[in-house]
Amino acid sequence: MTGEGEGEETPRNGSYEEWVDALAEGGFYLECGDGHGSLPPRRVCPECGYTDLAERALPGTGTVATFSEVHVAAPAFADETPYVTAVVDFGPVRLTGVLRDVSADEVAIGDSVAPDVEPDGPDGRPLVVFRPA
Ligand SMILES: [Zn+2]
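Residues numbered from 1 in each chain as written. Predicted model: local features only at pLDDT ≥ 70, side-chain atom pairs only at ≥ 80, totals over all residues. Heavy atoms only, no water.

With an unreviewed UniProt entry as reference, the chain is termed OB-fold domain-containing protein, source organism Halorarum halophilum.

Have a look at this one:
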């Protein structure tokens, strides 16, 4: 033991937070030996149980698979309503985030969007967002 506020080590084992940080610079997803895609913090392929997951570059754009307009949000998001959340298909993986720069009236299934990360909420936690691309 080395005392006196040496600080606690943050585990670095493929956490969701690390993944979001990486998304700001293009992002990645995890691929198993059979080509199934998944996202951290998963460490086992949800499709086949394969545990040796490799990092692959996330495609630069995806397409809107589903979306919904949010009118009533958690307190941290209350002053942003209404906003639009979307599930975006990137091929091997799907990401969920908030659509920026478009209203629910303007969004359509199949729209091309690019991911980004914004600090959000009182604690500036990173938020996954999408913009038209
Ligand atoms: Zn798999």
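1. So, the pairing of strand 8 (residues 125–132)
Rule in force here: By this definition, two strands are paired if DSSP reports at least two bridges between them. Strands here mean DSSP runs of E at least two residues long; helices mean DSSP runs of H or I at least four residues long; both are numbered from the N terminus.
For strand 6 (residues 94–99) and strand 8, the ladder comprises two bridges, and the chain directions are parallel. Looking across to strand 8, one finds that Leu99 is bridged to Phe130. Note that strand 7 (residues 112–120) and strand 8 share eight bridges and pair antiparallel. Considered in strand 8, the bridge of Asp120 is made with Arg125. In sequence, strand 7 turns back onto strand 8 through a hairpin of four residues, with Gly121 there showing a positive phi of about 75 degrees.

2. Structural notes on the sheet that holds strand 3 (residues 54–57)
An order of 2-1-3 is seen for the three strands of this open sheet, with the pairing classed as antiparallel. Lying at the two open borders of the sheet, with one neighbouring strand each, are strand 2 (37–38) and strand 3.

3. Quick word on the coordination of the zinc ion
Inclusion rule: Here the coordinating atoms are restricted to nitrogen, oxygen and sulfur within 2.8 Å of the metal centre, or 3.2 Å for Na, K and Ca, and because water is not among them the sites may look incomplete. Geometry is assigned from the angles between donors: four donors with all angles from 85 to 135 degrees make a tetrahedral site, four or six donors whose opposite pairs exceed 155 degrees while the rest stay between 65 and 115 make square planar or octahedral sites respectively, and everything else is labelled irregular.
Looking at the zinc ion, one finds its protein donor set to be Cys32 (SG), His36 (ND1), Cys45 (SG) and Cys48 (SG), positioned 2.0 to 2.3 Å from the metal centre. Considering all four donor atoms around the zinc ion, the spread of angles at the metal, 106 to 114 degrees, places the coordination shape in the tetrahedral class. Positions of the donor residues of the zinc ion, expressed as sequence spacing, correspond to C-x3-H-x8-C-x2-C.

4. Describing the sheet that holds strand 7
Heads up, the condition is: Convention adopted: a line fitted to C-alpha atoms gives each axis, helices being fitted over their contacting stretch, and angles between N-to-C directions are expressed from 0 to 180 degrees. We call two residues contacting when some pair of their heavy atoms lies within 4.5 Å.
As summarised here, the arrangement of the five strands in space is 4-5-6-8-7, forming a closed barrel in which the pairing is mixed. Here the average twist between neighbouring strands, direction ignored, is 45 degrees. Helix 1 (residues 16–23) rests against strand 6, strand 7 and strand 8 of the sheet, and its axis sits at about 40 degrees to strand 8.

5. Some remarks on helix 1
What counts, and what does not: A simple rule labels every residue: compare its accessible area, found with a 1.4 Å probe on the protein chains alone, to the largest value its type can have, and call it buried under 20%, exposed over 50%, or partly exposed in between. Of all possible arcs, the one meant is that of the directions from the helix axis to the C-beta atoms.
All of the buried residues along helix 1 are Trp19, Val20 and Leu23. Angularly, the buried residues of helix 1 cover 100 degrees about the axis, an arc narrow enough to put them on a single face. The inward-facing, buried residues of helix 1 contact strand 1 (28–31), strand 6, strand 7 and strand 8.

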